[in-house]
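# An overview of the molecular structure
The lines below spell out each chain.
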Amino acid sequence: MSYNLLKGKKGIIFGALDENSIAWKTAERVHEEGGQFVLTNAPIAMRMGNIKDLGEKTGSEIIAADATKVEDLENLVDKAQEILGGKLDFVLHSIGMSVNVRKGNHYTDMNYDYTAKGWDVSAVSFHKTMQALYKKDAMNEWGSIVALSYIAAQKVFPDYNDMADNKAYLESIARSFGYFFGKEKKVRVNTISQSPTPTTAGTGVKGFDGFIAYADKMSPLGNATAQDCADYTVSLFSDLTKRVTLQNLYNDGGFSNMGVSQQVMDAFIKDQEE
């Protein structure tokens, strides 16, 4: 259902790879709510995914940009304003990657060149993006910038590996840069800590099926879907949340406040008895 929450608003959406991605779902919802945007991803990711289909469906132009390269991001910000006809109202940062996870390196035996690459893509790119937006004064007042996180930034999930560190740093960047963006530009910066979601990136983590099943059993409302996250992101892009900033917001069915659920306890007791 559309309420035109984003009518007249313009922005950038990072990370739409295929129809399973949260960025893809968010782009569709933003379009339904009347928002306009440019899509962006790294050139190699764009070759792997179906982003052109999303561009056609939503009438959006696509700008290739390596989010680790400042010059690419500055070009992206300039072109987005040129295409959309003015300053921006929203930005979604929905990118993350761990080379150590891809290569199967245990957290206690990491390749630090891989660590640095993953940290740059997953977290520092958020700072670089906001710095480009900030220096170019590219955001309208009461604009909204959102990045996607995961509860492993606060709690231990062994197989999430160095992505947990990346997400913790990402959340810190949101708070720190969000202060300056809020004080000087009246722009909101938040992160959404989403349930484990079967996206291309998520399913690359070892034991992901266990992650998602456990979280679903622990959460009173069950896991939040990619579509749920898209809906939540739209609310943060809208004027309905004008005073929400510097927050890490949990969209996880209640998982983050649970100690243990009866369902998980029953399964544990059954396993012990067997």
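What counts and how
- Residues numbered from 1 in each chain as written.
- Predicted model: local features only at pLDDT ≥ 70, side-chain atom pairs only at ≥ 80, totals over all residues.
- Heavy atoms only, no water.
- Helix = DSSP H or I, 4+ residues; strand = E, 2+ residues; numbered from the N terminus.
- Buried < 20%, exposed > 50% of the residue type's maximum accessible area, 1.4 Å probe, protein only.
- Contact = heavy atoms within 4.5 Å.
- Areas by Shrake-Rupley, 256 points an atom, 1.4 Å probe, with all protein chains shown as cover.
- Lys, Arg positive; Asp, Glu negative; His and termini not counted.
- Charge placed at Lys NZ, Arg CZ, Asp CG, Glu CD.
- Pairing = 2+ DSSP bridges.
- Patch = residues over 30% accessible without salt bridge, like charges linked within 9 Å, V, L, I, M, F, W, Y side chains within 5 Å.
- Salt bridge = Lys/Arg side-chain N within 4 Å of Asp/Glu carboxyl O.
- Axes fitted to C-alpha atoms, helices over the stretch in contact; angles between N-to-C directions.
- Expected span 1.5 Å × (residues − 1).
- Arc of directions from axis to C-beta.
- Core = buried A, V, L, I, M, F, W, Y, C linked by side-chain atoms within 4.5 Å.
- Parallel < 35°, antiparallel > 145°, perpendicular 65-115°, else oblique.
- Nonpolar A, V, L, I, M, F, W, Y, C, P; charged D, E, K, R; others polar.
- Phe/Tyr/Trp six-rings, centres within 6.5 Å; stacked < 30°, edge-to-face > 60°.
- Lys NZ or Arg CZ within 6 Å of the ring centre and 35° of its normal.

A few words now on the overall build of the chain. Per the secondary structure count, the chain includes 10 helices and seven strands. Along the first, second and third principal axes, the C-alpha atoms of the chain reach 65 × 45 × 40 Å. Every one of the 274 residues in the chain was classed for burial, and the buried ones make up 52%. Counting contacts in the chain only where the partners sit at least 6 residues apart, residues at least 24 apart contribute 76% of the total. Only carbon and sulfur atoms are counted for the fraction: they give 50% of the accessible area of the chain, which is about 13,300 Å². Charged side chains of the chain number 29 positive and 35 negative; the gap between the two group centres comes to 6 Å.

Among the five residues that make up strand β1 (residues 10–14), five are buried, leaving the element largely enclosed by the rest of the structure. The alternating pattern of β1 places Lys10, Ile12 and Phe14 on one face and Gly11 and Ile13 on the opposite face, and all of these are buried. Examined bridge by bridge, β1 and strand β2 (residues 36–41) share five bridges and lie parallel to one another. Residue pairing in the sheet places Gly11 in a bridge with Phe37 of β2.

A contiguous nonpolar surface patch, about 330 Å² in accessible area, is contributed by Val260, Met265, Phe268 and Ile269. Note that Ile269 resides in helix α10 (residues 262–273).

Strands sit in the order β3-β2-β1-β4-β5-β6-β7 across an open sheet of seven strands; the sheet is parallel. Looking along the sheet, the strands with just one partner apiece sit at the ends: β3 (62–64) and β7 (248–251). Between one strand axis and the next, the sheet turns through 20 degrees on average, direction left out of account. Strands in contact with helix α3 (residues 51–58) are β2 and β3; relative to β2, the strand with the most contacts, it is inclined by about 175 degrees.

Right, let's talk about helix α9 (residues 226–237) for a bit. Between its first and last C-alpha atoms α9 spans 16 Å; for 12 residues at 1.5 Å apiece the expected length is 16 Å, and the two agree. Buried within α9 are the following residues: Ala226, Cys229, Ala230, Thr233, Val234, Leu236 and Phe237. Each buried residue of α9 lies within a common arc of 160 degrees when the element is viewed along its axis, so the set occupies one face. Buried residues along α9 sit against α1 (22–32), β4 (88–93), β5 (139–149), β6 (188–194) and β7.

Core analysis: the biggest nonpolar cluster contains 30 residues, and Phe126, Leu133, Ile145 and Phe181 have the highest contact counts within it. Of all the secondary structure elements, the ones that give two or more residues to this core are β1, α4 (70–84), β4, α6 (112–135), β5 and α7 (163–185). Not counting residues within four places of it along the chain, the set of residues in contact with Phe126 comprises His93, Ile145, Ala147, Leu170, Ile173, Ala174 and Val189. Counting 23 residues, the second largest nonpolar core, distinct from the first, contains Ala23, Leu148, Ile192 and Phe237.

As a packed pair, α1 and α3 sit with axes 10 Å apart at the nearest point and diverge in direction by 10 degrees. Considering their axes alone, α1 and α3 lie roughly parallel with respect to each other. Between α1 and α3, the contacting residues are Trp24, Ala27, Glu28 and His31 on the first element and Ile51, Asp53, Leu54, Lys57 and Thr58 on the second. Here the residues of the contact of α1 with α3 are counted per class, giving four nonpolar, two polar and three charged.

On to the packing of aromatic side chains, then. Inspection of every chain in the model, using the stated rule, returns 13 aromatic pairs. Ring plane angle 65 degrees and centroid distance 5.6 Å describe the contact between Phe157 and Phe211, whose orientation is recorded as edge-to-face. Of this pair, Phe157 sits in the loop between β5 and α7 while Phe211 sits in helix α8 (residues 208–218), and the two are 54 residues apart along the sequence. There is no split in this pair, since Phe157 and Phe211 are both buried. One aromatic cluster is present, formed by Tyr150, Phe157, Tyr160, Phe211, Tyr214 and Phe255 through successive ring pairs. In this structure, Lys185 is placed above the aromatic ring of Tyr134, and the distance from its NZ or CZ to the ring centre is 5.0 Å.

As enumerated under the stated definition, the model contains nine salt bridges in all. Notably, a salt bridge pairs Arg29 with Glu33, separated by 3.1 Å at the nearest N-O pair. Judged by its relative accessible area of 11%, Arg29 is buried. Taking relative accessible area as the criterion, Glu33 reaches 0% and is therefore assigned buried. As a salt-bridge pair, Asp120 and Lys128 come within 2.9 Å of each other at their nearest N and O atoms. The same class applies to Asp120 as to Lys128, namely buried.

Such coordinate-based values are descriptive only and should not be taken to indicate function.
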